[in-house]
Amino acid sequence: MKSYINFLYNGEPVHIDFEKEGLSPTTTLLNWSRNNGFKEVKEGCAEGDCGACTVVIAEAATDGKLKYNAVNSCILFLPALDGKMVITAAGLVPETHNINDLHPVQKAIVEDHATQCGFCTPGFVMSIFALYHTPDQYDDPKINNALAGNLCRCTGYDSIRKATKAALKENKEDYYHQNEAILLKALQEIETDSLKIQVGDQLYLRPTLIDEAILMHGEHPEAEIINGSSDVALKQTKHFQRLPALLDLSALRQIKFFEKKDNELHIGSGMDLETIRGNVESVFPALYDILSVFASRQIRNVATMGGSLGSASPIGDLLPLIMAMDGSIVFTGKSGKRTVKANEYLTGYRETVLNSDELIYSIILPLPQANETVKMYKVSKRTDMDISTLSAAFRLKLSAGKVDYIHMVYGGMAAMTLHAEKAEEFLNGKEWNEHNVNETARILESTFTPLSDARSGAKFRNIVTANLLKKFYEDSKEN
Amino acid sequence: MGPVFHDEVCLADKELLCIGHTYAVVAADTYEQAYLATKLIKLDAEEKTPVLSIDQAIAANSRLQPERKIERGEVDKTFKQSKHILEGQFKNGAQEHWYLETQSCIVVPGEELELMVYSSTQHPSETQAIVSEVMGIPRNEITVETRRLGGAFGGKETSGNHVAAWAALLARKSGRPIRIRLTRDMDQAITGKRHPFQSDWKIAFDDN
Ligand SMILES: Cc1cc2nc3c(=O)[nH]c(=O)nc-3n(C[C@H](O)[C@H](O)[C@H](O)COP(=O)(O)OP(=O)(O)OC[C@H]3O[C@@H](n4cnc5c(N)ncnc54)[C@H](O)[C@@H]3O)c2cc1C
Ligand code: FES
Ligand code: FES
């Protein structure tokens, strides 16, 4: 147990002893960077939406290589950096005024006129730099998706996309390729251990083993759990609330797993959403699709499955699909593990059956079968990087043209994610045809009594609820 | 100060006209301290019925300026004689500039009355004029420097002046350099942005 962290910042070692320095452990990486002279890290929103604060965090992956992830430094607390490497736009090459000495990503930005006022540029550079170190076949949709978490108000995205392509094509070795072995060694030499930081009346716990986490959770029931902190951090960064006690699960390797067993996925609650997305493109397209419009790449790189379930938000984008698939959630606590059906997990607005001494350990998600059609739709004001106005997951099995079973689960239509039970019952055993779908759509229009809020009116939500079934019907014909 | 009509006060004293209408500014060593200090301010105010839409404003005769018309042709005569008349209304919503860098300003007090103002303004000479008026000092005591600033799209032509004036007041009062940087939420609440418009139209035409 220690109260300090060590990490590399643009290759230089940094040591922070929170208690000695009297530094709040929930200092964000953005604020720490700016207060220490790294002004290239910008704040545009302090809530993960604009990408101006994007930096890259590199760490040793299971294959022994460095993995580079773009993240929003505005909603990342410092302890999450223990044993890792932070890279900012000023750390790509030594300071230079010669365009030929710039990093290929920076050079492409200049040559393709992909910057104007420049406030967004260091963030874009870092998102593109992460791609530069993550080999893939990058086409326009992939680049758009990877940059969806970066806003630019001046330049226009076309030139930025052009610069991205030019940089990725160039693909010259940079400082980080050339020094990978040295950097890896430097990271391995950092001893990482559980953290217990007490500064003033603020407590920050970051265990490395699950049993330790359960114990700490028991000793400090007041501590709020975080993993990616992409939800909880906003309390502080946007609403200026104090976070008096936190239990950070992001160092628990035991809950970072992804396994395909027979027809099920077993996903650890600490697994980040971007890695899950990368693993399910072919085995579970509906999950891939919804994850592709879940926040942004920067958020998905830190946000976890456990965090999505733990926030129990009625507009959370994963629960509808998990419920439609009849998945299960595994809890762990002092008295061991227990499994509950996802359909029995929620009990009310942000209320669940998780006991106060338990943690979410994993989920078990059945995969769609060959004779099933599974889709999920998200309706939001923007396609990318937006919170759902409403969402719907559908799972259908037909035999001889008749509905064997259908699951329709809606988010954003009530205080919690819900099945459209009446509509499901109505369709069971019936022909899967336009007439019956239209009849069901009529039922759906009055199934829920949703809220009117900034995202849309109740009437719109009801109409769309019905229309999504019609869309699903059309899409199901393609299967 | 303010765009076109210069009808915005530096800090509200008698009347608060909207959410975000600033009536006090606080200086502190850290952002958090300043924020917490603002929570301690007790406002002694009496509530009035708010005017929230253009229709309500017209009904309450609470107009920003006289009604404006754009007319073409011999309007009165043509409307009487024409075979067809169409009329309607269109509304343009308000727009936020959403410059990626929020309004910010540093003011460093110099010798005697001097103020060095680093402002993210698109209009340094107006910033100088307004700081001079607010502080009651000649313009030549004030130097405004604008370094590179985040693309502003007009949103920093006039809105930055409030921030500069507040920083100047605090700098004078404390005798120390003052930096103000609005959070995104504050920026959106405080700055004017593009007003909503409501336009009634009427058109007369014949068969040809
Ligand atoms: C800009 C932005 C965009 C977003 N877009 C989306 C979106 O499109 N769709 C969407 O659904 N959400 C979205 N979110 C919300 C959020 O990112 C997700 O809910 C994310 O999955 C949270 O994961 P996390 O690990 O960061 O959670 P954290 O913030 O660390 O935790 C979230 C909650 O889960 C609890 N929790 C975490 N892990 C556990 C555990 N193992 N056991 C018990 N409780 C636990 C915490 O106590 C907390 O209440 C967005 C957030 C931001 C800031
Ligand atoms: S400051 Fe906007 S995403 Fe971090
Ligand atoms: S260049 Fe100004 S916001 Fe992108």
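Residues numbered from 1 in each chain as written. Chains lettered and ligands numbered in written order. Predicted model: local features only at pLDDT ≥ 70, side-chain atom pairs only at ≥ 80, totals over all residues. Heavy atoms only, no water.

## Examining the overall build of chain B
Right, so step 1: Scanning chain B for helices and strands turns up 6 helices and 6 strands.
Right, so step 2: The helix and strand sequence of chain B, counted from the amino end, reads α-α-α-β-β-β-α-β-α-β-α-β.
Right, so step 3: Here the C-alpha atoms of chain B give a radius of gyration of 22 Å, more than 25% beyond the 17 Å that 2.2 N^0.38 yields for 208 residues.
Right, so step 4: Each principal axis of the C-alpha atoms in chain B carries an extent, and together these give about 75 × 40 × 30 Å.
Right, so step 5: Within chain B, contacts between residues at least 6 apart in sequence are counted, and of these 74% link residues at least 24 apart.
Right, so step 6: About 14300 Å² of surface is accessible on chain B, with carbon and sulfur atoms providing 51% of the total.
Right, so step 7: Of the side chains in chain B, 25 bear a positive and 30 a negative charge, and the two mean positions are spaced by 3 Å. (Helix = DSSP H or I, 4+ residues; strand = E, 2+ residues; numbered from the N terminus. Rg over C-alpha atoms; globule rule 2.2 N^0.38 Å. Contact = heavy atoms within 4.5 Å. Areas by Shrake-Rupley, 256 points an atom, 1.4 Å probe, with all protein chains shown as cover. Lys, Arg positive; Asp, Glu negative; His and termini not counted. Charge placed at Lys NZ, Arg CZ, Asp CG, Glu CD.)

## Side note on the site of ligand 1
Residues and elements named next belong to chain A.
Right, so step 1: Taken together, 34 residues lie near ligand 1, and Ile225, Asn227, Ser230, Thr304 and Asp317 sit nearest.
Right, so step 2: A distance of 2.6 Å separates an oxygen atom of ligand 1 from a polar backbone atom of Asn227.
Right, so step 3: Coverage of ligand 1 by the protein amounts to 92% of the 970 Å² it exposes when considered alone.
Right, so step 4: Of all the secondary-structure elements, those providing two or more residues to the shell around ligand 1 are strand E8 (224-226), helix H14 (305-311) and strand E16 (359-366).
Right, so step 5: A total of 5 residues in the shell around ligand 1 trace back to one element, the largest contributor, which is H14.
Right, so step 6: The class makeup of the residues in the shell around ligand 1 is 15 nonpolar, 13 polar and 6 charged.
Right, so step 7: Counting residues domain by domain, the shell around ligand 1 receives three or more from each of domain 1 (1-191) and domain 2 (254-476). (Near = heavy atom within 4 Å. Polar contact = N/O pair within 3.5 Å; in protein donor to acceptor, adjacent residues only side chain to side chain. Nonpolar A, V, L, I, M, F, W, Y, C, P; charged D, E, K, R; others polar. Domains from an automatic or database assignment.)

## Here's the deal with a nonpolar patch on the surface
Residues and elements named next belong to chain B.
Right, so step 1: A cluster of nonpolar side chains, contributed by Leu86, Phe90, Trp201, Ile203 and Phe205, occupies part of the molecular surface with about 460 Å² of accessible area.
Right, so step 2: Elements with a contribution of two residues or more to the nonpolar patch: strand E1 (84-92) and strand E6 (197-205).
Right, so step 3: Ranked by residues supplied to the nonpolar patch, first place goes to E6 with 3 residues.
Right, so step 4: If you trace the backbone, Ile203 turns up in strand E6.
Right, so step 5: The exposure class of Ile203 is partly exposed, given its relative accessible area of 41%. (Patch = residues over 30% accessible without salt bridge, like charges linked within 9 Å, V, L, I, M, F, W, Y side chains within 5 Å. Salt bridge = Lys/Arg side-chain N within 4 Å of Asp/Glu carboxyl O. Buried < 20%, exposed > 50% of the residue type's maximum accessible area, 1.4 Å probe, protein only.)

## Describing the confidence of the model for chain B
Right, so step 1: Scored by pLDDT, chain B has a mean of 92; 100% of the residues are at 70 or more.
Right, so step 2: We note a pTM of 0.95 for the whole complex and an ipTM of 0.89 for its interfaces. (pLDDT = per-residue confidence, 0-100.)

## Overview of the interface of chain B and chain A
Right, so step 1: Across the contact, 17 residues belong to chain B and 17 residues belong to chain A.
Right, so step 2: Here chain B packs against chain A, burying approximately 1400 Å² in sum over the two surfaces, 61% of which is carbon and sulfur.
Right, so step 3: Run the count over chain B and chain A and you get 3 salt bridges.
Right, so step 4: Glu32(B) serves as the salt-bridge partner of Arg242(A), at 3.7 Å between the closest nitrogen and oxygen.
Right, so step 5: Across the contact surface, chain B and chain A share 5 residue pairs in polar contact (both at pLDDT 80 or more). (Buried area = accessible area lost by both parts, 1.4 Å probe.)

## Considering the packing of aromatic side chains
All names here are of chain A.
Right, so step 1: Under the defined criterion, the tally for this structure stands at 19 aromatic pairs over all chains.
Right, so step 2: Aromatic side chains Phe124 and Tyr157 sit 6.4 Å apart centroid to centroid with 50 degrees between the ring planes, which places their arrangement in the tilted category. Of this pair, Phe124 sits in helix H4 (residues 121-132) while Tyr157 sits in helix H6 (residues 157-170), and the two are 33 residues apart along the sequence.
Right, so step 3: Take Phe124: its relative accessible area is 2%, and that puts it in the buried class.
Right, so step 4: Grouped by ring-pair contacts, the aromatic residues Tyr377, Phe394, Tyr410, Trp432, Phe448, Phe472 and Tyr473 constitute a single cluster.
Right, so step 5: Its guanidinium or amino end placed over the ring of Phe426, Lys430 lies 3.8 Å from that ring's centre, counting from NZ or CZ. (Phe/Tyr/Trp six-rings, centres within 6.5 Å; stacked < 30°, edge-to-face > 60°. Lys NZ or Arg CZ within 6 Å of the ring centre and 35° of its normal.)

## Observations regarding the sheet that holds strand E2 (residues 104-109) of chain B
Residues and elements named next belong to chain B.
Right, so step 1: Taking strand neighbours across the sheet as the criterion, the 4 strands line up as E4-E3-E2-E5 in an open arrangement whose pairing is mixed. Looking at which strands have only one partner, the edges of the open sheet turn out to be strand E4 (142-145) and strand E5 (178-181). In this sheet, neighbouring strand axes are inclined to one another by 15 degrees on average, regardless of whether the strands run parallel or antiparallel.
Right, so step 2: As defined by bridge partners, E2 adjoins strand E3 (residues 115-119) across 5 bridges and the pair is classed as antiparallel. For Pro109, the partnering residue across the bridge sits in E3 and is Leu115.
Right, so step 3: In this fold helix H4 (residues 124-135) packs onto E3 and E4, with an angle of close to 145 degrees to the strand it touches most, E4. (Pairing = 2+ DSSP bridges. Axes fitted to C-alpha atoms, helices over the stretch in contact; angles between N-to-C directions.)

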